[in-house]
Amino acid sequence: MIMDTDGLAQKLDQELDEFVNSLEKTPYTGGWTEENWEEDIEQHPFFMSKPVDPSTELPAAIEGLRQLKWDEDMTPEERVQNYREEGNEFFARKKYRDAVTAYTDGLRQKCPDKATNATLYSNRAAAHFRLGNYRSSLKDCVAARKMQSEHMKAILKGAECLIALEMPQEAIQWCETGLWIDGKHPKLLELRKTAEKRRSELQRENRVKEQRKRKEQQDEDLIRDALKIRNIQVPDEIVRLPTGDHLHLDSNGVLLWPVVLLYPESGQSDLLQAVVETESLKTQIDHVLAEPPPWDEHKRYRPDRVNVFYEDDEDVPLDPTRSIKELFAGKKVLGGVVKVLVVPKK
């Protein structure tokens with residue numbers, strides 16, 4: 001008997017169509033939408049543009065891939081051991097970021113054994129330290145010691161972190177804790193010596209800073225007294241310009257002013273670093289404009305062809321033949337920096 005294969009194929013196709021049509025029609029709701037696709041695609045391991053933050057919960061897709069990494073029949077303890085060994089391998093190959101990730105995966109297994117977790121925290125601290133993440137490393141050292149208070153590796157690395165963070169006094173305390181456990185530990189003795197030396201250096205630096213601060217305050221008090229006598233107001237802090245220049249007194253009690261000549265029509269300026277208060281602005285301008293500035297193509301800025309104005313008052317030219325002491329009596333000079341506008345005469 002010859003089988004009608006064409007007819008059979010048509011019958012099977014028809015039965016399949018009937019079965020599919022009989023299924024309940026429900027819209028798919030788990031896909032990406034116009035509103036969330038950028039956020040969702042960033043969670044996909046194939047498309048994410050930034051590494052996963054070890055301190056946050058893993059996206060579901062990545063967590064699924066990681067679970068496939070080890071045999072699903074493994075116990076949590078076996079998984080932790082594998083992650084720890086993987087982290088050690090990364091560390092030995094100087095792939096410290098990968099080591100941090102591996103140790104973090106081990107901690108995510110929530111192994112009930114405190115000694116194991118202490119080791120994972122301590123190992124991750126070492127990897128963070130190699131990356132220069134001293135605060136993260138210290139945090140892991142603290143976590144390791146919460147699991148095992150006498151964990152020597154965590155104590156050593158914690159002391160190193162504190163030295164790197166310029167916290168020598170705290171580093172000494174960690175060293176003392178370790179030396180209470182092992183009074184002859186050579187690395188701890190070396191770290192304590194380093195921390196004590198750095199503490200002395202910082203104390204000396206702080207004393208110098210305090211002395212400098214007191215001297216600066218004394219100098220400013222003298223300047224304020226001199227300004228009061230001259231009836232010149234500097235209502236805010238005396239500014240130190242990026243060049244280091246600032247209003248100050250010389251050894252004879254004469255005020256030396258930083259003066260900025262502003263040329264608003266040309267968008268240029270000149271800084272006169274220390275102008276004696278008894279000198280006139282004209283003397284300074286004559287010197288600065290003795291030769292035409294390179295930006296003055298039309299030779300408009302000549303000493304006898306410019307007017308000078310207060311920066312905050314462009315209505316009436318000031319008399320540049322008068323001294324700074326005279327020109328600014330009864331006026332405010334913001335930041336202790338004299339600023340005047342220099343404008344070509346019409």
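What counts as what
- Note on numbering: residues in each chain are counted from 1, in written sequence order.
- Where totals are concerned, whole chains, interfaces and linings use all residues; where local detail is concerned, this predicted model gives features only for residues with pLDDT of at least 70, and gives and counts side-chain atom pairs only at 80 or more.
- The basis for the side-chain values is all heavy atoms of the structure; hydrogens and waters are excluded.
- All axes are obtained by fitting lines to C-alpha atoms, using only the stretch in contact for helices, and the reported angles, taken between N-to-C directions, cover 0 to 180 degrees.
- Going along the chain from the N terminus, every DSSP run of H or I of four or more residues is numbered as a helix, and every run of E of two or more is numbered as a strand.
- Should an angle lie under 35 degrees it is considered roughly parallel, over 145 roughly antiparallel, and from 65 to 115 roughly perpendicular; all remaining angles are considered oblique.
- Take the far helix as the reference: if the near one is turned anticlockwise from it by less than a right angle, the crossing is left-handed, and if turned clockwise, right-handed.
- Residues count as neighbours in contact if any of their non-hydrogen atoms are within 4.5 Å of one another.
- Under the scheme applied here, ten amino acids are nonpolar (Ala, Val, Leu, Ile, Met, Phe, Trp, Tyr, Cys and Pro), four are charged (Asp, Glu, Lys and Arg), and all others, including Gly, are polar.
- For this analysis, a salt bridge means a side-chain nitrogen from Lys or Arg found within 4 Å of a carboxyl oxygen belonging to Asp or Glu.
- Summary of the burial criterion: residues with accessible area below 20% of their type's maximum are buried, those above 50% are exposed, and those between are partly exposed, where the area comes from a 1.4 Å probe applied to protein chains only.
- We treat two strands as partners when DSSP finds at least two bridges between them.

Caption draft 1: Broad picture of the packing of helix 9 (residues 168–181) against helix 10 (residues 186–230). Contact geometry for helix 9 and helix 10: axes closest at 8 Å, N-to-C directions at 160°. Between helix 9 and helix 10, the angle falls in the class roughly antiparallel. Regarding helix 9 and helix 10, the two cross each other, and that crossing is left-handed. Judged by residue contacts, P168, Q169, A171, I172, C175, E176, G178 and L179 of helix 9 engage L188, L189, L191, R192, A195, E196, R198, R199 and L202 from helix 10. Among the residues forming the contact of helix 9 with helix 10, the class breakdown is 10 nonpolar, 2 polar and 5 charged.

Caption draft 2: Summary view of the pattern of salt bridges. What the rule picks out here adds up to 13 salt bridges. Linking E176 and R192 is a salt bridge whose minimum nitrogen-to-oxygen distance equals 3.0 Å. Placement of E176 in helix 9 and of R192 in helix 10 is noted, with a sequence separation of 16 residues between them. Judged by its relative accessible area of 36%, E176 falls in the partly exposed class. The exposure class assigned to R192 is partly exposed, which follows from its relative accessible area of 23%. Notably, a salt bridge pairs R198 with E201, separated by 2.9 Å at the nearest N-O pair. Linking R198 with E201, this pair stays in helix 10, spanning 3 residues, or about one helical turn. The partly exposed category is assigned to E201, whose relative accessible area is 24%. If you follow the salt bridges from partner to partner, you end up with E166, R198, E201 and E205 in one network.

Caption draft 3: How the structure looks around the pairing of strand 3 (residues 268–276). Relative to strand 3, strand 2 (residues 255–263) runs antiparallel, the two sharing 7 bridges. The residue bridging L261 from the neighbouring strand is D270, located in strand 3. Connecting strand 2 to the antiparallel partner strand 3 that follows it, the hairpin turn spans 4 residues, and G267 within it adopts a positive phi of roughly 65°.

Scope: geometric values only; no functional claims are made or implied.
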